[in-house]
Amino acid sequence: LKDIEPRLDPDIFVRVSRSAIVNLDHLASAAPVPGGTYILRMQNGQEVQASRARSKDLRLEILNL
């Protein structure tokens, strides 16, 4: 993913963990879970868990919480 990430538009694609990059245009919801992380539910029903560090970034910059 580290090779692909620089080629993606950072306004649309966000790295949420070591093993996942999500397209924010397809994000349906974000639910907090214990431990300070988020479960991101995509429009297709797939769920991705954000890492603790990336959850903080999501909360501050993207989710506006």
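The following refers to the structure shown. (Residues numbered from 1 in each chain as written. Predicted model: local features only at pLDDT ≥ 70, side-chain atom pairs only at ≥ 80, totals over all residues. Heavy atoms only, no water.)

### As for the pattern of salt bridges
Step number 1: Applying the stated criterion across every chain, the model contains 2 salt bridges.
Step number 2: A salt bridge links Arg-15 to Glu-5; its shortest N-O distance comes to 2.9 Å. Note that Arg-15 is positioned in strand E1 (residues 13–17) and Glu-5 in the segment before E1, a separation of 10 residues in sequence.
Step number 3: Notably, a salt bridge pairs Arg-41 with Glu-47, separated by 2.0 Å at the nearest N-O pair.
Step number 4: A residue is classified by how much of its surface remains accessible, and Arg-41, at 39% relative accessible area, is partly exposed. (Salt bridge = Lys/Arg side-chain N within 4 Å of Asp/Glu carboxyl O. Helix = DSSP H or I, 4+ residues; strand = E, 2+ residues; numbered from the N terminus. Buried < 20%, exposed > 50% of the residue type's maximum accessible area, 1.4 Å probe, protein only.)

### Focus: the sheet that holds strand E3 (residues 27–33)
Backbone-to-backbone hydrogen bonds join strands into a sheet, with any given pair of strands oriented parallel or antiparallel.
Step number 1: The strand order across the open sheet formed by 3 strands is E3-E4-E5, and the pairing between neighbours is antiparallel. Pairing within the sheet leaves two strands with one partner each, and these edge strands are E3 and strand E5 (47–49). This sheet shows a mean twist of 20° between the axes of neighbouring strands, independent of strand direction.
Step number 2: Inspection of the sheet shows E3 paired to strand E4 (residues 37–42) by 6 bridges, in the antiparallel sense. Its bridge partner being in E4, Ser-29 is matched across the sheet by Arg-41. (Pairing = 2+ DSSP bridges. Axes fitted to C-alpha atoms, helices over the stretch in contact; angles between N-to-C directions.)

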